[in-house]
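Fold and geometry: a report
Here is what each chain is made of, one letter per residue.
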Amino acid sequence: MKMVQRLQLLEHLTPTEQILVDYLKENPEEFIGLKPREVSDKLFISVLTIYRLLNKLGLRGAIT
């Protein structure tokens, strides 16, 4: 399943998770090149929010 489809199926997102999902949908190429801290700083969200969303998507990531 494509990532955009997986993102659309997510339910019960927190407001900050929704900010991240919206950013991912609008800027997938840019997101791929960023480190979690860079995304966090850019969107004014916590790194933990990024990892919570990864867990909801059934993905794993390493903190860098």
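The rules we used
Residues numbered from 1 in each chain as written. Predicted model: local features only at pLDDT ≥ 70, side-chain atom pairs only at ≥ 80, totals over all residues. Heavy atoms only, no water. Core = buried A, V, L, I, M, F, W, Y, C linked by side-chain atoms within 4.5 Å. Buried < 20%, exposed > 50% of the residue type's maximum accessible area, 1.4 Å probe, protein only. Helix = DSSP H or I, 4+ residues; strand = E, 2+ residues; numbered from the N terminus. Contact = heavy atoms within 4.5 Å. Expected span 1.5 Å × (residues − 1). Arc of directions from axis to C-beta. Axes fitted to C-alpha atoms, helices over the stretch in contact; angles between N-to-C directions. Parallel < 35°, antiparallel > 145°, perpendicular 65-115°, else oblique. Nonpolar A, V, L, I, M, F, W, Y, C, P; charged D, E, K, R; others polar. Salt bridge = Lys/Arg side-chain N within 4 Å of Asp/Glu carboxyl O.

**Focus: the nonpolar core**
Ranked by size, the top nonpolar core spans 12 residues in total: L7, L10, L20, V21, Y23, L24, V39, L43, I45, I50, L53 and L57. For this core, the secondary structure elements donating two or more residues are α2 (15-26), α4 (36-43) and α5 (47-56). When residues in this core are grouped by element, the largest group, 4 residues, is from α2. If we ignore the near neighbours within four places in the chain, the residues touching L57 are M3, R6, L7 and L10.

**Here's the deal with α2**
Helix length check: α2 (12 residues) gives 17 Å between terminal C-alpha atoms against 16 Å at 1.5 Å per residue, within 8%. Taken residue by residue, α2 has E17, L20, V21, Y23 and L24 as its buried positions. Each buried residue of α2 sits inside an arc of 160° when the element is viewed along its axis, so together they form one side. For α2, exposure combined with an orientation more than 90 degrees from the buried face picks out P15 and E26. Buried residues along α2 sit against α1 (3-9), α3 (28-32), α4 and α5.

**A word on the packing of α2 against α4**
At a minimum axis distance of 11 Å, the contact between α2 and α4 shows a crossing angle of 105°. As the angle between them shows, α2 and α4 are arranged roughly perpendicular. Between α2 and α4, the residues in contact are I19, L20 and Y23 and V39, K42 and L43, respectively. Among the residues forming the contact of α2 with α4, the class breakdown is 5 nonpolar, no polar and 1 charged.

**Things to note about α4**
If you check which residues of α4 are buried, you get P36, V39, S40 and L43. Take α4 and look down its axis: the buried residues cluster within an arc of 100°, on one side only. Here the buried face of α4 lies against α2, α3 and α5. After α4 finishes, the residue F44 shows a positive phi value of roughly 60°.

**Thoughts on the pattern of salt bridges**
All chains considered together, the criterion is met by 4 salt bridges. Measuring nitrogen to oxygen at the nearest pair gives 2.7 Å for the salt bridge that ties K56 to E17. Remark: E17 occurs in helix α2 and K56 occurs in helix α5; sequence separation between them is 39 residues. The exposure class of K56 is partly exposed, given its relative accessible area of 37%. Between E30 and K42 there is a salt bridge, with the nearest N and O atoms lying 3.0 Å from each other. Of this pair, E30 sits in helix α3 while K42 sits in helix α4, and the two are 12 residues apart along the sequence. In this structure E30 comes out as partly exposed when scored by relative accessible area, which is 36%. Linked through salt bridges whose partners overlap, the residues forming this network are E17, R52 and K56.

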